[in-house]
There are 2 protein chains.
Amino acid sequence: MEQVKNKQIVLKNYVNGFPKETDMILNDSSTINLNLPQGSTDVVLVKNLYLSCDPYIRILMHETEDASFGTFTPGSPFAGYGVAKVVDSSHPKFKKGDLVWGETEWEEYSIIKSPMTLFKIEHTDVPLSYYTGILGMPGMTAYFGFYEICAPKKGEYVFVSAAAGAVGQLVGQFAKLSGCYVVGSAGTKEKVELLKNKYGFNEAFNYKEEHDLNATLKRYFPNGIDIYFENVGGKMLEAVLPNMRTNGRISACGMISQYNLEQGEGVRNLSHIVVKSLRMQGFIVTNYFHMYPKYMEMIMPLIKQGKICYIEDVVEGLESAPAALIGLFSGKNVGKQVVVVARE
Amino acid sequence: MEQVKNKQIVLKNYVNGFPKETDMILNDSSTINLNLPQGSTDVVLVKNLYLSCDPYIRILMHETEDASFGTFTPGSPFAGYGVAKVVDSSHPKFKKGDLVWGETEWEEYSIIKSPMTLFKIEHTDVPLSYYTGILGMPGMTAYFGFYEICAPKKGEYVFVSAAAGAVGQLVGQFAKLSGCYVVGSAGTKEKVELLKNKYGFNEAFNYKEEHDLNATLKRYFPNGIDIYFENVGGKMLEAVLPNMRTNGRISACGMISQYNLEQGEGVRNLSHIVVKSLRMQGFIVTNYFHMYPKYMEMIMPLIKQGKICYIEDVVEGLESAPAALIGLFSGKNVGKQVVVVARE
């Protein structure tokens, strides 16, 4: 019986408004037994290597009566996506030494009791951290949200908000691969440069420097927008709606601008949905994880041939996770925000 | 050459805000020749019998740069749906004496130059005015918007706003026929009674008497809403969103509460679209008129067997049309608003 320390990031209390680092506590008094008890079944014990900071985590820090999306429990560790190594397993699909990605917790070691969304990592000739991003949940989000929800056609006009983020950078590149014209918005000059020069967006702008987003979008899309990949909500959505073309599609992937508001912003211009026959569709990517093998078949060759790139913002140590998570909401991260818990 | 007077309702000026009767002018100085000129092709000259007052007409009274939905021209007659009798025709599909329904103008006689949306009336054993409603554009709207966009399943929970209107009364009855539980909202006690006692809605409420629509909907839908048939927009939509269930569908048919506002209301709670995987879909029913024969096959037996009912609010005379149209926006009409121009 090998008992070891198991540092954790736990939620202090439910959060309203903008989250702070002090809403999370580093608990270093917890311990864990590195052997599963005899007789356990379908349980996987993992050592966490990389953890993923994702905007949706903010939703789970809020107390809600609405169980549809779930919520964290104060005093318990955060849950989220990560890359891990199997230390012990009573699940037939996983054995000691396997590398996996999927839902884990914000701690050094985790016991995963119902490994529904745990995938064995087959390809290790790419950075392992990619399985928190391009080869993991955000990759599947971009893939499903763009190809399935938006059903892009060659020559269509695509707008992506939060375009330099974990999902947006991929959507823009998928749009280019589909023969679309794509414009992205981001919140710093550096990110705008990346969008244009690294990811190949046709155009990009810094939304913080624009005073009239409606006019900005008219300038970048004089013919209107066919596809909007929605990551931010609020005022951006309000400005996009009048610029949509007939039969346009909006993939409602996230609305990060709204997550920290006590009461979300009101969005005007929704009657464009009627008049222009728009379709706006939300989705939870976990419902489409059965398509992961198909996605891998598409994305791995693109990565290996250098036809797609992926930028990560990597911080070291579990203790860095709270600040990294908070940084998402001020746009501090450049690319996918990853936390290294251990390198092997 | 038979020259006759041709009274018309014309738009005085583009309208902002709540429309007034005085925004429309009865022009009684116009005349028309009741024989088409020799050599005309594909033109139909009709005598208008019934005209339809529909909320979307308000959108066309507003000046817009956006050509996607069109606009009227000041000094020209209103356009809209109606039932008419063919007086002369150079179109192979229509001959003198035919009864037709489709897009015509607000005048006694109209020349229809591109009869793309003109249907020959085959069944005259029902009130002719039905072709402005249950057997016309609003009927197709309810049919397509409910069955195709909402894809109802037996046992689902359906909410219909403006439920006593031309479209809503049908959606409620279609929902019952589909084995759904359906609740409607309307703006008077009389309409609420009709919804429950005449159309067979499970429940109905007067939204004007409710101070907290979110709480009202929670009361009527303790398990949440699967399908929302959206006719009003604004505050009602804002209250519906948190009450939607996962994978819910919103058919965005109209947003009458917004048409008279200089700047539409902001709608909160849109992040429920993401979190609950909602689909919100607008549509323009004319794009689906090819399905009209299929709809007729379904609806005619239901009417004849008394399994569906339809209430009309009929006013007499073209000169009554402006007040009838304005009445839609204060909810004055009970059922489908029809204007009788001539009985034969």
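Residues numbered from 1 in each chain as written. Chains lettered and ligands numbered in written order. Predicted model: local features only at pLDDT ≥ 70, side-chain atom pairs only at ≥ 80, totals over all residues. Heavy atoms only, no water.

## A closer look at the pairing of strand β10 (residues 157-160) of chain B
If a strand is regular, its side chains alternate between the two faces of the sheet. Residue and element names in this part refer to chain B. Threshold: One bridge is not enough; two strands pair if DSSP finds at least two bridges between them. The numbering of helices and of strands both runs from the N terminus, where a helix is a DSSP run of H or I of at least 4 residues and a strand a run of E of at least 2. By convention, orient the strands away from the viewer: a clockwise path from the first strand over the helix to the second makes the crossover right-handed.
In this structure, β10 lies alongside strand β11 (residues 181-186), joined through four bridges in parallel fashion. The residue of β11 that forms the bridge with Val158 is Val182. Since β10 and β11 lie parallel, the crossover through helix α3 (residues 168-177) that links them has a hand, and here it is right-handed. Across three bridges, β10 lies against strand β13 (residues 225-230) in parallel orientation.

## Observations concerning the packing of aromatic side chains
The test is simple: Aromatic pairs are defined between Phe, Tyr and Trp rings, using the six-membered ring for Trp, whenever the two ring centres lie within 6.5 Å; interplanar angles under 30 degrees are classed as stacked, those over 60 as edge-to-face, and all others as tilted. In this scheme, a residue with accessible area under 20% of its type's maximum is buried, one over 50% is exposed, and one in between is partly exposed, where area comes from a 1.4 Å probe on protein chains only.
According to the stated counting rule, one finds 46 aromatic pairs over all chains in the structure shown. Ring geometry for Phe146 of chain A versus Tyr147 of chain A: centroids 5.4 Å apart, planes at 70°, classification edge-to-face. Under the relative-accessibility criterion, Phe146 of chain A is labelled buried at 0%. Their ring planes at 40° and their centres at 6.3 Å tell us that Tyr81 of chain B and Trp101 of chain B sit as a pair that is tilted. Pair noted here: Tyr81 of chain B is in strand β6 (residues 79-89) and Trp101 of chain B is in strand β7 (residues 99-105), with a separation of 20 residues, a long-range link. When sorted by exposure, Tyr81 of chain B lands in the same class as Trp101 of chain B, which is buried. Put simply, the rings of Tyr56, Tyr81, Trp101, Phe119, Phe289 and Tyr292 of chain A pair up and form one aromatic cluster.

## Overview of the relation of the copies chain A and chain B
Where we set the bar: Superposition of the copies used a least-squares fit over C-alpha atoms from residues whose pLDDT is at least 70 in both. Throughout, a residue-residue contact means that at least one pair of heavy atoms, one from each residue, lies within 4.5 Å.
Placing chain A over chain B gives an RMSD of 0.0 Å and needs a rotation angle of 180°, together with 0.0 Å of translation along the axis. With respect to symmetry, the two chain copies, as superposed, fit the operation of a two-fold axis. When C-alpha positions in chain A are compared against the rotation axis, the closest is assigned to Gly266 of chain A, at 1.9 Å. Comparing contact sets, 100% of the residues at the interface of chain A also lie at the interface in chain B, consistent with an isologous, same-surface contact.

## Examining the interface of chain A and chain B
We apply this condition: The buried area of a pairing is the accessible area, by a 1.4 Å probe, that goes missing from both parts when the two are put together, added over both. Here, a salt bridge means any side-chain nitrogen of Lys or Arg that lies within 4 Å of a carboxyl oxygen of Asp or Glu. Pairing of N or O atoms within 3.5 Å defines a polar contact, subject to two protein rules: one partner must be a possible hydrogen donor and the other a possible acceptor, and residues neighboring in sequence count only if both atoms are side-chain atoms. Throughout, the ten residues Ala, Val, Leu, Ile, Met, Phe, Trp, Tyr, Cys and Pro are labelled nonpolar, Asp, Glu, Lys and Arg are labelled charged, and all others, Gly among them, are labelled polar.
Residue-level contacts link 32 residues of chain A with 32 residues of chain B. When residues of chain A are sorted by the area they lose upon contact with chain B, Arg268, Val274 and Val275 of chain A head the list and together hold 21% of the total. Run the count over chain A and chain B and you get zero salt bridges. For the pair chain A and chain B, the number of links is eight residue pairs in polar contact (both at pLDDT 80 or more). Among the secondary structure elements, those contributing two or more residues to the side of chain A that touches chain B are β14 (244-252), α7 (271-275) and β15 (279-282) of chain A. Looking at which element gives the most residues to the side of chain A that touches chain B, the answer is α7 of chain A, with five residues. Taken together, the residues of the side of chain A that touches chain B sort by class into 15 nonpolar, 12 polar and five charged. With three bridges connecting them, β15 of chain A and strand β15 (residues 279-282) of chain B associate as antiparallel partners. When the bridges of β15 of chain B are listed, Arg279 of chain A appears paired with Gln281 of chain B.

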